[in-house]
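If you want the building blocks of each chain, they are given just below.
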Amino acid sequence: MMLVNRKRGEIAADLGGKERALCLTLGALAELEGHFGAADLTALTQRFSTGKLSAGDLLTIIHAGLKGAGHTFTRDEVAQMQAEGGAAGYARIVSELLQATFGGDG
């Protein structure tokens, strides 16, 4: 099992058959602000709190989290990665990543 630092907002997720670290760094958050057209972090968290995320949104968040953790996958490579549980698995990964980033340990 991969060791991650939840206090830094890191999570581990099985993507593409391998356990990988994800983290939404400041740069990753800025990228997400641009993608979602959010003026600031408050607007971004409000957007996420609606729970209405498309498959493209999930892909963008997972890609940003992988980049934030130092991976160099392209968006297309991330799009080809499988997650246990299919669509529900991708949603779980994004939910856990957002909770680690914005919601602390709980």
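Above this text you will find the structure in question.
Keep in mind that this is a model prediction, so the values were computed, not measured.

Observations concerning the overall build of the protein chain
Secondary structure assignment for the protein chain yields 5 helices and 2 strands. What you see in the protein chain, going N to C, is helices and strands ordered as β-β-α-α-α-α-α. Against the 2.2 N^0.38 benchmark of 13 Å for 106 residues, the protein chain shows a C-alpha radius of gyration of 13 Å, consistent with a compact globule. Overall, the C-alpha framework of the protein chain stretches about 35 × 30 × 25 Å when taken along its three principal axes. Counting the 106 residues in the protein chain, one finds 36% classified as buried. The contacts in the protein chain between residues at least 6 apart in sequence include a share of 56% that link residues at least 24 apart. As displayed, the protein chain has an accessible area near 6000 Å², and 53% of this comes from carbon and sulfur atoms.

Considerations on helix H5 (residues 87-102)
The terminal C-alpha atoms of H5, which comprises 16 residues, lie 22 Å apart, in line with the 22 Å expected from a rise of 1.5 Å per residue. Buried residues of H5: Gly89, Ile93, Val94, Leu97, Leu98 and Ala100, and no others. Where H5 is buried, its residues contact strand S1 (10-15), strand S2 (18-23), helix H2 (41-49) and helix H3 (55-68).

A closer look at the environment of Ala88
Within the fold, Ala88 resides in helix H5. When the C-alpha atoms of Ala88 and Ile61 are compared, they prove to be 15 Å apart, with 27 residues separating the residues in sequence.

So, the environment of Gly9
Relative to the helices and strands, Gly9 is located in the segment before S1. Sequence separation between Gly9 and Ala100 is 91 residues; the distance between their C-alpha atoms is 4.7 Å. Sequence-distant contacts of Gly9, that is, excluding residues within four places in its chain, are made with Leu22, Cys23, Leu97, Ala100 and Thr101.

Some details on the pairing of S1
The buried fraction of S1 is high, at 5 of 6 residues. Direction of pairing for S1 relative to S2: antiparallel, over a ladder of 6 bridges. Looking at the pairing, Asp14 lines up with Glu19 of S2. Two successive antiparallel strands, S1 and S2, enclose a turn made up of 2 residues, where Gly16 displays a positive phi of approximately 65°.

Rules used throughout
- Residues numbered from 1 in each chain as written.
- Predicted model: local features only at pLDDT ≥ 70, side-chain atom pairs only at ≥ 80, totals over all residues.
- Heavy atoms only, no water.
- Helix = DSSP H or I, 4+ residues; strand = E, 2+ residues; numbered from the N terminus.
- Rg over C-alpha atoms; globule rule 2.2 N^0.38 Å.
- Buried < 20%, exposed > 50% of the residue type's maximum accessible area, 1.4 Å probe, protein only.
- Contact = heavy atoms within 4.5 Å.
- Areas by Shrake-Rupley, 256 points an atom, 1.4 Å probe, with all protein chains shown as cover.
- Expected span 1.5 Å × (residues − 1).
- Pairing = 2+ DSSP bridges.

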